[in-house]
Amino acid sequence: MRSTPENLQIIFEDNHLIVINKRSGDIVQGDKTGDLPLSEVIKLYLKEKYNKPGDAYLGVVHRLDRPTSGVIVFSKTSKALSRLNKAFADRDTKKTYWAVVKNKPKNDSARLVHYLKRNPKQNKSYAHIKPVPESKEAILSYQLIKSLDNYHLLEVALETGRHHQIRSQLSAIGCPIKGDLKYGFDRSNKDGSIHLHARKLTIIHPVRKEKITFEAAPPEDVIWNTCLS
């Protein structure tokens, strides 16, 4: 299922921001598939809700990979966009993800430091232990929060925001994410999703200047439901 103006999962909305629980089929911005991106779906929602005669303004602040679900924030004014862009660039935000993996990591918690090199042709990032030419430092911390019969739920906190960072780094320690064929899981999920979910996002509100945390419920499926129970 993809988001439409009628079924948008809105977590928060005010005059400056709109925060969405992104479905795994949604693309954030237009790409070569030609599918209607989430940014345009939200514009249609705003146009209808507020009876705007022209196009509604919407600023894309950050992105989530298409097969990933969870919390994503968009700006409704150019002022909010510039302030949020600066906050994300300066890492004045906190992002927490949930990842379901098949293999239990060697340590129940750890801080991972890799050097990721992106291959644009493959749309894939390779994790290296030491710097290699054109690589970027990638840092995350994870904590095992639940073990199911066949899978394990990790909570991941990002310190950097690299291309496919969580997918690549967890794969590098032998823990590919459920459904993520690209990074070593043995089969895909039927709906094309992967079990990576942006669970929480903390930002400083661009106008009110107060800290605010948004939380997104994971998608409805047997494994996510078991993680929550």
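Residues numbered from 1 in each chain as written. Predicted model: local features only at pLDDT ≥ 70, side-chain atom pairs only at ≥ 80, totals over all residues. Heavy atoms only, no water.

- Identification of the protein as RNA pseudouridine synthase from Psychroflexus lacisalsi is taken from an unreviewed UniProt entry.
- In UniProt, the protein has this text filed under Sequence similarities (unreviewed entry): "Belongs to the pseudouridine synthase RluA family." (UniProt positions renumbered as here; feature names shortened; annotations may be inferred.)

## A short note on unusual backbone geometry
Phase 1: Unlike most non-glycine residues, Arg91 shows phi in positive territory, near 60 degrees.
Phase 2: If you check the backbone angles, His164 has positive phi at about 55 degrees while not being a glycine.
Phase 3: Along the chain, His164 turns up in the loop between β9 (152-158) and α3 (165-172). (Helix = DSSP H or I, 4+ residues; strand = E, 2+ residues; numbered from the N terminus.)

## Concerning the environment of Val28
Phase 1: If you trace the backbone, Val28 turns up in the loop between β2 (17-22) and α1 (38-49).
Phase 2: The buried category is assigned to Val28, whose relative accessible area is 4%.
Phase 3: Taking the C-alpha atoms as reference points, Val28 and Val60, 32 residues apart in sequence, are found 8.0 Å from one another.
Phase 4: Setting aside anything within four residues of it in sequence, one finds Val28 in contact with Lys22, Pro37, Leu38, Ser39, Val60, His62, Arg63, Leu64, Ile72 and Phe74. (Buried < 20%, exposed > 50% of the residue type's maximum accessible area, 1.4 Å probe, protein only. Contact = heavy atoms within 4.5 Å.)

## Focus: the pairing of strand β11 (residues 211-215)
Phase 1: Alternating positions in β11 separate cleanly, Ile212 and Phe214 being buried on one face and Lys211, Thr213 and Glu215 remaining unburied on the opposite face.
Phase 2: Summarising the sheet, strand β10 (residues 196-204) and β11 pair through five bridges and their orientation is antiparallel. Residue pairing for β11: Thr202 is matched across the bridge by Thr213. (Pairing = 2+ DSSP bridges.)

## Section: the packing of aromatic side chains
Phase 1: Scanning the model with the defined rule gives one aromatic pair in all.
Phase 2: Geometrically, the ring pair formed by Phe12 and Phe214 is tilted, given 5.3 Å between the ring centres and 45 degrees between the ring planes. Here Phe12, found in strand β1 (residues 10-13), pairs with Phe214, found in strand β11; they are 202 residues apart in sequence, far enough to count as distant.
Phase 3: Of note, Lys124 hangs over the ring of Tyr183, and the distance from its end group to the ring centre comes to 5.5 Å.
Phase 4: Against the face of Trp98 rests Arg199, its NZ or CZ located 4.2 Å from the ring centre. (Phe/Tyr/Trp six-rings, centres within 6.5 Å; stacked < 30°, edge-to-face > 60°. Lys NZ or Arg CZ within 6 Å of the ring centre and 35° of its normal.)

## Focus: empty space enclosed by the protein
Phase 1: On inspection of all chains with the given rule, the structure shows one cavity of 30 Å³ or more.
Phase 2: Taken as a whole, the largest cavity holds about 50 Å³ of empty space.
Phase 3: His62, Leu64, Val71, Lys95, Tyr97, Ala198, Lys200 and Leu201 together form the lining of the largest cavity.
Phase 4: Elements with a contribution of two residues or more to the lining of the largest cavity: β5 (94-101) and β10.
Phase 5: Considering each element in turn, the lining of the largest cavity owes the most residues, three residues, to β10.
Phase 6: Each residue belonging to the lining of the largest cavity can be placed in one class, and the counts come to five nonpolar, one polar and two charged. (1 Å grid on protein atoms, 1.4 Å probe; cavity = no way out; pocket = protein on both sides within 12 Å on 5 of 7 lines; lining within 4 Å. Points joined across faces, edges and corners; volume = space filled by probe spheres on them. Nonpolar A, V, L, I, M, F, W, Y, C, P; charged D, E, K, R; others polar.)

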